[in-house]
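Structural description and commentary
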Amino acid sequence: MATIGFIGGTGPEGLGLAMRLALADDRVLIGSRRPDRAEAAAQQVREALAAVGREADVGGGVNRDVVREAEIVVIVVPFDGHEATLNDLREEIGGKIVVDAAVPLAFVGGQPGIAAVEQGSATEQAQALLPEARVIGAFHNLSARKLQALEDEMAGDVLITGDDAEAKQAVMELVERMPRLRPVDAGALAMSSFVEGLTALLLSINRRYKSQAAVQVVGIE
Ligand SMILES: NC(=O)c1ccc[n+]([C@@H]2O[C@H](COP(=O)([O-])OP(=O)(O)OC[C@H]3O[C@@H](n4cnc5c(N)ncnc54)[C@H](OP(=O)(O)O)[C@@H]3O)[C@@H](O)[C@H]2O)c1
């Protein structure tokens with residue numbers, strides 16, 4: 001079990017991931033720019049687990065304090081706050097494992113798409129901004145709404161990118177602790193733009209099918 005800190009964890013994606021990992025008996029820490037928002041979100045995690053008869057090991061605090069305490073740091077801020085947030089936390093993050101779930105979503109003419117990122121993807125931007133950290137891309141394609149619906153198991157694949165084998169293994173093990181979610185090694189950090197782009201595709205599919213679709217790769221064991 002690990003201590004996992006969520007930077008921007010007060011939003012729906014961070015809350016959903018925190019709930020699922022708390023359900024898997026990890027200790028989760030909700031990070032926010034404001035301590036009162038962090039504590040309110042931590043309480044939401046407690047209540048969500050209580051509703052399914054479980055207890056959560058959850059805390060909350062400002063992002064910087066959460067980074068200090070966490071073994072694994074998950075980035076769940078919107079892309080427009082990504083660069084400034086990571087710059088601000090660089091020193092505290094140091095050489096930790098960082099899981100980036102941010103998607104540089106952009107809507108053009110009402111259609112979901114992906115904004116151009118100088119480094120190629122949000123995940124590669126994170127690695128460029130945090131040179132000492134071991135950055136892994138994951139969770140981009142998981143619907144926040146489904147993550148938070150704890151009464152249902154969440155099926156699908158989590159596509160994982162990264163250049164550090166040990167950090168990638170640690171994140172794959174994290175995913176394995178969530179029933180029915182399967183970690184899939186999607187390759188190097190350089191593959192991250194494809195994974196992030198799939199989120200725009202899923203949004204387009206969801207609009208048409210009124211769904212919360214997930215990704216599943218067939219033909220691998
Ligand atoms: N929602 C989904 O279904 C989903 C699915 C896959 C991936 N994602 C990705 O996951 C990330 C989080 O998604 P979300 O829907 O949870 O986002 P969100 O609600 O827009 O933001 C999450 C939290 O980030 C903090 N934040 C907002 N603007 C910020 C800024 N400029 N600088 C620093 N912190 C800021 C806020 O927390 P405080 O005000 O408490 O600090 C907010 O509650 C996004 O990058 C998104 O693309 C989302």
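Described in the following lines is the structure provided in the data block.

Conventions used here
Residues numbered from 1 in each chain as written. Predicted model: local features only at pLDDT ≥ 70, side-chain atom pairs only at ≥ 80, totals over all residues. Heavy atoms only, no water. Helix = DSSP H or I, 4+ residues; strand = E, 2+ residues; numbered from the N terminus. Polar contact = N/O pair within 3.5 Å; in protein donor to acceptor, adjacent residues only side chain to side chain. Contact = heavy atoms within 4.5 Å. Near = heavy atom within 4 Å. Areas by Shrake-Rupley, 256 points an atom, 1.4 Å probe, with all protein chains shown as cover. Pairing = 2+ DSSP bridges. Axes fitted to C-alpha atoms, helices over the stretch in contact; angles between N-to-C directions. Buried < 20%, exposed > 50% of the residue type's maximum accessible area, 1.4 Å probe, protein only. Patch = residues over 30% accessible without salt bridge, like charges linked within 9 Å, V, L, I, M, F, W, Y side chains within 5 Å. Salt bridge = Lys/Arg side-chain N within 4 Å of Asp/Glu carboxyl O. Parallel < 35°, antiparallel > 145°, perpendicular 65-115°, else oblique. Left-handed = near helix turned anticlockwise from the far one by under 90°. Nonpolar A, V, L, I, M, F, W, Y, C, P; charged D, E, K, R; others polar. Expected span 1.5 Å × (residues − 1).

**Quick look at the side chain of D157**
Inspection of the secondary structure assignment puts D157 in strand 9 (residues 156–162). Within the structure, the side chain of D157 is placed 2.8 Å from the side chain of R182, a separation counted as a polar contact. Reaching out from D157, the side chain makes a polar contact with the backbone nitrogen of V217 at a distance of 2.6 Å. Setting aside residues no more than four positions away along its own chain, D157 makes contact with L142, R182, V184, V215, Q216 and V217.

**What to know about the site of the ligand**
Lining the immediate environment of the ligand, one finds 20 residues, of which T10, S32, R33, R37 and V77 sit closest. S32 has a polar side-chain atom sitting 2.5 Å from an oxygen atom of the ligand. Relative to its unbound accessible surface of 890 Å², the ligand loses 76% to contact with the protein.

**Some points on the sheet that holds strand 2 (residues 27–32)**
Spatially, 3-2-1-4-5-8-9-10 is the arrangement adopted by the 8 strands of the open sheet, whose pairing is mixed. Unpaired on one side and paired on the other, strand 3 (58–62) and strand 10 (181–187) mark the two borders of the sheet. On average, each strand axis in the sheet is tilted by 25° relative to the strand beside it, whichever way the strands run. Along the sheet face, helix 5 (residues 122–129) touches strand 5 (97–100), strand 8 (134–137) and strand 9 and points at about 175° away from the line of strand 8.

**Structural notes on the environment of Q169**
Within the secondary structure layout, Q169 lies in helix 7 (residues 165–176). Take Q169: its relative accessible area is 40%, and that puts it in the partly exposed class. Separated by 19 residues in the primary sequence, Q169 and L150 place their C-alpha atoms 25 Å from one another.

**A short note on a nonpolar patch on the surface**
A cluster of nonpolar side chains, contributed by L105, F107 and I114, occupies part of the molecular surface with about 250 Å² of accessible area. By relative accessible area, L105 is classed as partly exposed at 34%.

**A word on the packing of helix 1 (residues 12–23) against helix 2 (residues 35–51)**
Angle between the axes and distance between the axes: these two values describe a pair of packed helices. Viewed as axis vectors pointing N to C, helix 1 and helix 2 meet at an angle of 50°, and their least axial separation amounts to 10 Å. With respect to helix 2, the axis of helix 1 lies oblique. For the pair helix 1 and helix 2, the crossing hand works out as right-handed. On helix 2, the residues that touch L15, A18, M19, A22 and L23 of helix 1 are A41, Q44, V45, A48 and L49. Residue composition of the contact of helix 1 with helix 2, grouped by class: 9 nonpolar, 1 polar and no charged.

**Structural notes on helix 8 (residues 192–209)**
With 18 residues, helix 8 should reach 26 Å at 1.5 Å per residue; the first-to-last C-alpha distance of 26 Å fits that figure. Those residues of helix 8 hidden inside the fold are in contact with strand 6 (105–108), strand 7 (111–114), helix 5, strand 9 and strand 10. Remark: K210 follows helix 8 within two positions and exhibits a positive phi of approximately 50°.

**Details of the pattern of salt bridges**
Scanning the model with the defined rule gives 13 salt bridges in all. Where D185 meets K168, a salt bridge forms, and the shortest distance between an N and an O atom there is 2.6 Å. Taken as a pair, D185 in strand 10 and K168 in helix 7 lie far apart in primary sequence, 17 residues in all. Residue class for D185 comes out partly exposed when judged on its relative accessible area of 44%. When salt bridges with common partners are traced through the structure, they connect R64, D65, R68, D88 and E92 into a single cluster.

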